[in-house]
Structures are given as structure tokens and as C-alpha cells.
Amino acid sequence: MAMSTHPWLQPTGWSLLLPDGQAIHVPVCGLLIGRSSSSDLQLEDPDISRRHLLIAPLAGQAWAIDQGSSNGTRLDGMPLSRKRLGERHELVLGATLLEWELVEPIVPLLPPGLDAAWQAWCACLERKRFPKDGLEILCRLAAAESARKGPHGGLALSWADPMGAESLGPLRRQLTEAALRQVPA
């Protein structure tokens, strides 16, 4: 399914430059950054909280909102709890530096782990391989522990996190909901 059919995925014009040099765009639905697999952008840094920072586009402006992280977030060297973002900033989460800037939309549209899961999902549907591969791919996409199809075609996902789907970042939640709408009967 083409990305353009999902209005929540449209680029905002803001991007994050990751420590490895890769840039990702921030979609209209927002982006949750953290160590947890349920985050939209998962960073492997032990000083980053499971749910560390939410980037939330609101009324044409981007906001950085710390999610009560243990080690805090720094914006241009200053502690951050909630702040509207401008054209260019340095965000430090744990020991990880992210650069924020206003740029033209870039590719890939999704963070690395989500992009791979979404591409695998689309390929699975195109190949009509849902019964064989789909549940495993859906688990990766939804950061779920398991998925199963019921006897009447219903689908059940289960998560290790007691909050279940509520623990998902906004982008991961939107992708999961889009995938669930595409599950073959």
C-alpha cells in the first residue's frame, strides 16, 4: 500500500539526524523515541528510558515532550520538559545526540526498524503469504509478543507490556491499525 494513502504519515518537514548519520522524517502523527520496542524510534542506549521523548506536531508546530524519563532530555544543552521546537536544535537523550532540523522530506519515511517491518508487511500481502508469514511480521510491526487468528477469522495480538497497544508510539500505532485493516479474511 502506498505511503501517500496514509495522511498521518505525511512528512512535516522536520527531521532527526541519528548518531549513525541516517536522517528520518517526523510524520504528522508524531514520533515516540525510547529504548522500548514499542517506541517508534528505538535507540539502544542504557541511559534512555523505555518511553523517553515524544515529538508531537500540533497546529503546525513541533513540540518535544519528555515522557518522565529517568535521565531527562536536553535541548541545546538545557533541561527540557516540554518545548516548542524551531528550525534547528540538538537533543540529547541519555548519551545519544540527535540533531533536529527543518528540511525537505527525506527517504526513508519511517525509522529503520519500522521501515523494515512495514516493507515486509506490504510484501507479505502482495505475495498473498499471510497465513505463513503475516502473523510474525505483524508482531514485529506492533511490537507484540504473539498474534493468532481465531477460528472465525478474528485476530488477537498480545503484548508483554500490560498497557498493550496503549504503550505503542503514535507512528507504530497508526501502522499497526493500517495493517490490521488489511488482514485477509
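Up top is the structure these notes are about.
Below you will find a few notes about this structure. The structure displayed is predicted, hence computed values, not measured ones. (Residues numbered from 1 in each chain as written. Predicted model: local features only at pLDDT ≥ 70, side-chain atom pairs only at ≥ 80, totals over all residues. Heavy atoms only, no water.)

Regarding the sheet that holds strand S1 (residues 11-17)
How we decide: Strand pairing is assigned whenever DSSP detects at least two bridges linking the two strands. Secondary structure elements are taken from DSSP: a helix is a run of H or I of four residues or more, a strand is a run of E of two residues or more, and numbering for both begins at the N terminus. Axes, fitted as lines to C-alpha atoms, cover a helix only where it is in contact. Angles between the N-to-C directions of the axes lie from 0 to 180 degrees.
Judged by pairing direction, the sheet is antiparallel, and its six strands sit side by side in the order S2-S1-S11-S10-S7-S8 without closing on themselves. Edge positions in the sheet fall to strand S2 (23-27) and strand S8 (78-80), since each has one partner strand and no second. Each strand axis lies, on average, 35° off the axis of its neighbour in the sheet, ignoring direction. Bridge analysis of S1 against strand S11 (residues 96-102) gives four bridges, and the strand direction is antiparallel.

Description of the packing of aromatic side chains
The line we're drawing: Pairing of aromatic side chains here covers Phe, Tyr and the six-membered ring of Trp, requires ring centres within 6.5 Å, and sorts the geometry by plane angle: under 30 degrees stacked, over 60 edge-to-face, intermediate tilted. Only protein chains enter the accessibility calculation, which uses a 1.4 Å probe. A residue is then buried if its area is under 20% of the maximum for its type, exposed if over 50%, and partly exposed in between. The rule is short: NZ of Lys or CZ of Arg within 6 Å of the ring centre and within 35 degrees of the ring normal puts a charge over the ring.
The final tally for this structure, using the stated rule, is one aromatic pair. With 5.8 Å between their ring centres and 25° between their planes, Trp 14 and Trp 100 make a pair best called stacked. Of the two residues, Trp 14 sits in strand S1 while Trp 100 sits in strand S11, which places them 86 residues apart along the sequence. For Trp 14, a relative accessible area of 10% translates into the label buried. The cationic tip of Arg 82 hangs over the ring face of Trp 63; the distance from NZ or CZ to the ring centre is 5.9 Å.

Let's talk about the packing of helix H1 (residues 112-126) against helix H3 (residues 170-182)
Quick reminder of the rule: Should an angle fall under 35 degrees it is taken as roughly parallel, and over 145 as roughly antiparallel, whereas 65 to 115 is taken as roughly perpendicular and any remaining angle as oblique. What makes two residues a contact is simply this: any of their non-hydrogen atoms within 4.5 Å. Note that Gly is not counted as nonpolar here; it falls among the polar residues with everything else outside the nonpolar set of Ala, Val, Leu, Ile, Met, Phe, Trp, Tyr, Cys and Pro and the charged set of Asp, Glu, Lys and Arg.
Put simply, H1 and H3 touch, their axes get as near as 12 Å, and they point 5° apart. Here H1 is positioned roughly parallel relative to H3, judged by the angle of their axes. Across from Leu 114, Trp 118, Trp 121 and Leu 125 in H1, the residues of H3 making contact are Leu 171, Arg 172, Leu 175, Ala 178, Ala 179 and Gln 182. The class makeup of the residues in the contact of H1 with H3 is eight nonpolar, one polar and one charged.

With respect to the nonpolar core
Side chains of a nonpolar character, in soluble globular proteins, are inclined to be buried together. Operational definition: We call a set of buried Ala, Val, Leu, Ile, Met, Phe, Trp, Tyr and Cys residues a nonpolar core when their side-chain atoms join them within 4.5 Å.
Leu 16, Ile 33, Ile 55, Leu 91, Trp 100 and Trp 118 are the most contacted members of the largest nonpolar core, which has 44 residues in total. For Ile 33, the residues in contact, after removing those within four places along its chain, are Leu 16, Ser 39, Leu 41, Leu 43, Arg 51, His 52, Leu 53, Ile 55, Leu 93 and Leu 98.

Quick look at the layout of surface pockets
Basically, it comes down to this: Buriedness of a pocket was judged along seven lines, with at least five required to meet protein on both sides within 12 Å; pockets are open sets of points on a 1 Å grid over the protein atoms alone, cavities are sets where a 1.4 Å probe fits but cannot get out, and lining residues have an atom within 4 Å of a point. Grid points are joined across faces, edges and corners, and a volume is the space filled by probe spheres set on the points.
A volume near 170 Å³ is recorded for the largest pocket. Elements with a contribution of two residues or more to the lining of the largest pocket: strand S4 (41-42) and H1. A total of five residues in the lining of the largest pocket trace back to one element, the largest contributor, which is H1. Looking at the lining of the largest pocket residue by residue, the classes come out as six nonpolar, three polar and three charged.

Notes on the pattern of salt bridges
This is how the line gets drawn: In what follows, salt bridge is the name for a side-chain nitrogen of Lys or Arg lying within 4 Å of a carboxyl oxygen of Asp or Glu.
Here the structure, examined in full by the defined rule, presents three salt bridges. Residue Arg 88 is joined to Glu 101 by a salt bridge in which the shortest nitrogen-to-oxygen separation is 2.7 Å. Of this pair, Arg 88 sits in strand S10 (residues 88-93) while Glu 101 sits in strand S11, placing them 13 residues apart in sequence. Residue class for Glu 101 comes out partly exposed when judged on its relative accessible area of 21%. As a salt-bridge pair, Asp 133 and Arg 127 come within 3.1 Å of each other at their nearest N and O atoms.

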